[in-house]
Amino acid sequence: NFIKEIEIVLNWFRFVGADDLSDLERLGVVIEASVSSFESIYGHKDRSLEFTQSKSNLQLTYREARALFISLFTALDNAFKYSAHNSPVTLSHLSGTDHDAILIHNSPATPFDHPNKFAESERSKWTEENSKLNTDEGGSGLYKIHSLLTSASAGFNFDIDVASQKFTTIIRLQYEYFSNRR
């Protein structure tokens, strides 16, 4: 059962005082756990996941780690579900001067005729009025990712970039919200 598998991994992040800022998890561990869990639950069925990671000193509370884990898992699921079968999905973690970024790229199975309209249409749903999309089945999960991240911390920034032949999920972690946590 999918929910049971996810809860097992999330329990790994849970520890005594998980709501206390003194109990933190490294960003790299959360990213690796998301990728490993996705691979172990779904495998790729002859599909390729290319994963690169930068070193980062960012540390997350349990609430932030949980939101990021579920968001990455959902984004990977979307990327494989909606991509061309013969193209790889890439997850890249990059460290910048004021933020870390996690990018998930895939080539859509059907190219977007109007990529900007698609992106704007999706972003327009990221409002409180659409909160039912958090629990509705059958959607792409983009609202769910947006909602989870923005509810967990103002330091998360979620966006998408859409081109005719490429879809990118972008999650940024602004250093000012995640630094000085030792």
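Everything below is about the structure printed above this text.
Keep in mind that what you see is a predicted model, and the values were worked out from it rather than measured.

### Topic: the environment of Leu27
Piece 1. Inspection of the secondary structure puts Leu27 in helix α2 (residues 27-42).
Piece 2. Discounting chain neighbours no more than four positions away, the residues touching Leu27 are Ser56, Leu58, Leu60, Leu68, His93, Asp100, Ile102 and Leu173.

### Considering the sheet that holds strand β5 (residues 99-106)
Piece 1. On the basis of which strands lie adjacent, the open sheet formed by five strands has the order β2-β4-β5-β7-β6 and mixed pairing. Looking along the sheet, the strands with just one partner apiece sit at the ends: β2 (49-52) and β6 (156-163). Averaged over neighbouring strand pairs, the angle between their axes works out to 15° when direction is ignored.
Piece 2. Bridging between strand β4 (residues 89-95) and β5 involves six bridges; their strand directions are antiparallel. Across the sheet, the residue bridging to Leu91 is Ile104, located in β5.

### Points about the packing of helix α3 (residues 62-82) against helix α5 (residues 142-152)
Piece 1. Two numbers describe how α3 lies on α5: the axes approach to 9 Å, and their chain directions differ by 165°. Judged on the interaxial angle alone, α5 and α3 are roughly antiparallel. The crossing of α3 and α5 is left-handed. Contacts between α3 and α5 involve Arg63, Glu64, Ala67, Leu68, Ile70, Ser71, Thr74, Ala75 and Asn78 on the former and, on the latter, Leu142, Lys144, Ile145, Leu148, Leu149, Ser151 and Ala152.
Piece 2. Taken together, the residues of the contact of α3 with α5 sort by class into nine nonpolar, four polar and three charged.

### Observations regarding helix α4 (residues 115-124)
Piece 1. The complete set of buried residues in α4 reads Pro115, Ala119 and Glu122. Projected down its long axis, α4 shows its buried positions confined to an angular sector of 65°, all on one face. In α4, the exposed positions that point more than 90 degrees away from the buried face belong to Asn116 and Lys117.
Piece 2. Of the surrounding elements, those touching the buried residues of α4 are α5 and β6.

### Remarks on the packing of aromatic side chains
Piece 1. Per the stated rule, a full pass over the model turns up eight aromatic pairs.
Piece 2. Arranged with centres 6.3 Å apart and planes meeting at 70°, the rings of Phe118 and Phe167 form a pair that is edge-to-face. Taken as a pair, Phe118 in helix α4 and Phe167 in strand β7 (residues 166-174) lie far apart in primary sequence, 49 residues in all.
Piece 3. For Phe118, a relative accessible area of 29% translates into the label partly exposed.
Piece 4. On the basis of relative accessibility, which here comes to 12%, the residue Phe167 falls in the buried class.
Piece 5. Geometrically, the ring pair formed by Trp126 and Phe158 is tilted, given 4.9 Å between the ring centres and 45° between the ring planes. With Trp126 in the loop between α4 and α5 and Phe158 in strand β6, this pair connects stretches of sequence that are 32 residues apart. Across the pair, Phe158 and Trp126 agree in class, each one buried.
Piece 6. Every member of this aromatic cluster is reached through a ring pair, and the members are Phe38, Phe69, Phe73 and Phe80.

Cut-offs and rules
Along each chain, numbering runs from 1 in the same order as the chain's sequence is written. For this predicted model, a pLDDT threshold of at least 70 governs which residues receive local features, and a threshold of 80 or more governs which side-chain atom pairs are given and counted, while totals over whole chains, interfaces and linings are taken from all residues. Derived side-chain values reflect all non-hydrogen atoms in the structure, with water molecules and hydrogen atoms excluded from consideration. By definition, any uninterrupted DSSP run of H or I lasting at least four residues is a helix, any uninterrupted run of E lasting at least two residues is a strand, and each is numbered from the N terminus. Working rule for contacts: check all heavy atoms of both residues, and any pair within 4.5 Å makes them a contact. Two strands are counted as paired when DSSP detects at least two bridges linking them. Comment: axis = line fitted to C-alpha atoms, over the contacting stretch for helices; angle = value between 0 and 180 degrees taken between N-to-C directions. Just so you know how the angles are binned, under 35 degrees is roughly parallel, over 145 roughly antiparallel, 65 to 115 roughly perpendicular, and the rest oblique. Throughout, a crossing is termed right-handed when the near helix is turned clockwise from the far one, and left-handed when it is turned anticlockwise from it by less than a right angle. Throughout, the ten residues Ala, Val, Leu, Ile, Met, Phe, Trp, Tyr, Cys and Pro are labelled nonpolar, Asp, Glu, Lys and Arg are labelled charged, and all others, Gly among them, are labelled polar. Burial here depends on accessible area, computed with a 1.4 Å probe over protein chains only, as a share of the maximum for the residue type. Under 20% is buried, over 50% is exposed, and the range in between is partly exposed. In this context, the arc is that of the directions from the helix axis out to the C-beta atoms. For Phe, Tyr and Trp, where Trp contributes only its six-membered ring, two rings pair if their centres lie within 6.5 Å, and the inter-plane angle classes them as stacked under 30 degrees, edge-to-face over 60, or tilted in between.

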